[in-house]
Amino acid sequence: MRSPRTPARAVLTALALLALGACATGPALEDRGRVTAAPGDSRSLTIGSAGFTESDLLAQLYARLLDDAGYRTSLLTVANRELYEPALETGRIDVVPEYAATFADWLNARTHGAAAAPVGSPDLGATMKALRALAAPRGLTVLAPGRAVDQNAFAVTAGYARRHRLRTLGDLGAAGLPVRLAAGDECVRRPYCAPGLRKVYGIDITGIDPKGVGTTQAKRAVQQGRDQMVLTTTTDATLDSFGLVLLADDKRLQNADYVVPVVNRARAGGARVAKALGRLGAVLTTADLAAMNRQVDGARRLPAEVARAYLKDKRLLK
């Protein structure tokens, strides 16, 4: 459901990777031994970013921590997962920030076809097990998930929540209120959106206002009372400016999209990389990530500056 921006540098990088043959479906036959070889520990690592604010921030956080651990790092932006994931397999990119359930379903579709049943679920343990099973044959290692999660989420105005005593989606269902939902067109059929809100929570979704996921137009429609709820994400940095608050997903409708580092096993699969990045996972929360997004998107600070300040504040740099 994310709609990352595609900066010019990302397009150029994507074209370069395509020219290098990054569209391969996995390690070449002569390289298959690397999949089961001992994890590598290259001194120079390339960190990939998907080209939207949150991915840029996570890539910068990873790079600073790995620099501090003695690695030489560089950053590469490729906004298209169809290009950066094969580049990760071949070692042109060594580390990327990903989202557990989304990446599991993407790899599953790539492995078993677009019609394959989803393997991502609200259960983090089951999702990680499926993700690692899909990643390992491709020479990828999925490190431990952290505390931060970027899931689809639903927001209402603070005033609406106060009037109806709403803190959770369960409260909204129990209230029996008619709800017009600002979201993307696909919300009509996606199980985590309108169908799930009706089935799991009993929410009376009267219609979908097709204004997109977390767009300014969608939030403004809720702010002005034309719609009652908007589909956005848990790390949305602009909710406060529209007077909106999230309703908790108390019955776990949404998938376990926890932030996870994914690495090329042959180049960055060793314990030192896992230890360096694990320090961030133990500290970084969903609220922290939203706050950093806000600094970049709202205050127009550079991702590198925001990332460094966060790591120093949390005493994660030497």
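Before any of the text, the structure's been laid out above.
Residues numbered from 1 in each chain as written. Predicted model: local features only at pLDDT ≥ 70, side-chain atom pairs only at ≥ 80, totals over all residues. Heavy atoms only, no water.

Peer 1: Sorry, what's going on with the side chain of Asp236 here?
Peer 2: Examined against the element boundaries, Asp236 turns out to sit in the loop between β8 (229–233) and β9 (244–247). Polar side-chain contacts of Asp236 include one of 2.7 Å to the side chain of Lys219. Excluding anything up to four places from it in sequence, Asp236 contacts Gly214, Lys219, Ala290 and Arg294. (Helix = DSSP H or I, 4+ residues; strand = E, 2+ residues; numbered from the N terminus. Polar contact = N/O pair within 3.5 Å; in protein donor to acceptor, adjacent residues only side chain to side chain. Contact = heavy atoms within 4.5 Å.)

Peer 1: Just to check I follow, could you spell out the sheet that holds strand β5 (residues 152–157) for this structure?
Peer 2: The strands that make up a sheet pair up through hydrogen bonds in the backbone, lying either parallel or antiparallel. Across the sheet, which stays open at both edges, the 5 strands sit in the order β7-β6-β8-β5-β9 with mixed pairing between neighbours. The strands lining the two open edges of the sheet, one partner per strand, are β7 (204–210) and β9. Neighbour-to-neighbour, the strand axes of the sheet open up by a mean angle of 40°, direction not taken into account. Pairing of β5 with β9 involves 4 bridges; the strand directions are antiparallel. Counterpart to Phe154 in the pairing with β9 is Leu247. Sheet strands in contact with helix α9 (residues 194–201) are β5, β6 (178–183), β7 and β8, and its direction is about 165° off that of β7. Strands in contact with helix α10 (residues 216–223) are β5, β6, β7, β8 and β9; relative to β8, the strand with the most contacts, it is inclined by about 145°. (Pairing = 2+ DSSP bridges. Axes fitted to C-alpha atoms, helices over the stretch in contact; angles between N-to-C directions.)

Peer 1: Before we go on, may I ask you to explain the pairing of β6 in this structure?
Peer 2: Within a regular beta strand, the side chains point alternately toward one face of the sheet and then the other, so they alternate between its two faces. Where β6 lies against β7, 6 bridges are found, and the strand directions are parallel. Note that in β7 the partner of Arg180 across the bridge is Gly207. You can see the chain leave β6, run along α9 and come back into β7, and the turn it takes is right-handed. In terms of strand pairing, β6 meets β8 through 2 bridges, oriented parallel. Residue pairing for β8: Ala182 is matched across the bridge by Val230. (Right-handed = clockwise from strand over helix to strand, strands pointing away.)

Peer 1: Which parts of the structure should I look at to understand the pattern of salt bridges?
Peer 2: Side chains that differ in sign of charge can pair as their charged atoms come close. The tally for this structure, following the rule as stated, stands at 12 salt bridges. Here Asp209 and Arg180 are joined by a salt bridge, their closest N and O atoms 3.6 Å apart. Of this pair, Asp209 sits in strand β7 while Arg180 sits in strand β6, and the two are 29 residues apart along the sequence. When salt bridges that share partners are traced, they join Glu85, Glu89, Arg110 and Arg138 into one network. (Salt bridge = Lys/Arg side-chain N within 4 Å of Asp/Glu carboxyl O.)

Peer 1: How do you make sense of unusual backbone geometry when you look at a structure like this?
Peer 2: Phi is mostly negative for residues that are not glycine, and the peptide bonds are mostly trans. Positive phi outside glycine occurs at Arg165, with the angle close to 55°. According to the relative accessible area criterion, Arg165 is exposed, its value standing at 74%. Here the phi dihedral of Arg252 falls at roughly 55°; this positive angle occurs in a residue that is not glycine. With respect to the helices, strands and loops of the structure, Arg252 is situated in the loop between β9 and β10 (259–264). (Buried < 20%, exposed > 50% of the residue type's maximum accessible area, 1.4 Å probe, protein only.)

Peer 1: What exactly am I supposed to notice about the packing of helix α5 (residues 100–112) against helix α6 (residues 124–135) here?
Peer 2: Angle between the axes and distance between the axes are the two parameters that describe a pair of packed helices. In contact at an axis separation of 9 Å, α5 and α6 are set at 40° when each is read in the N-to-C sense. Judged by the angle between their axes, α5 and α6 are oblique. Pair α5 / α6 crosses with left-handed handedness. Seen from α5, the contacting residues are Ala100, Ala101, Phe103, Ala104, Leu107, Asn108, Thr111 and His112; seen from α6, they are Thr127, Met128, Leu131, Leu134 and Ala135. Tallied by class, residues from the contact of α5 with α6 come to 9 nonpolar, 4 polar and no charged. (Parallel < 35°, antiparallel > 145°, perpendicular 65-115°, else oblique. Left-handed = near helix turned anticlockwise from the far one by under 90°. Nonpolar A, V, L, I, M, F, W, Y, C, P; charged D, E, K, R; others polar.)

Peer 1: Help me out: how do you make sense of the state of the cysteines in this one?
Peer 2: One pass over the structure, following the stated rule, counts 1 disulfide. Across a sulfur-sulfur distance of 1.8 Å, Cys187 and Cys193 are joined as a disulfide pair. Taking the torsion about the S-S bond as the criterion, the Cys187 to Cys193 disulfide, at about -85°, is left-handed. The burial state of Cys187 is the same as that of Cys193; both residues are buried. (Disulfide = S-S within 2.5 Å.)

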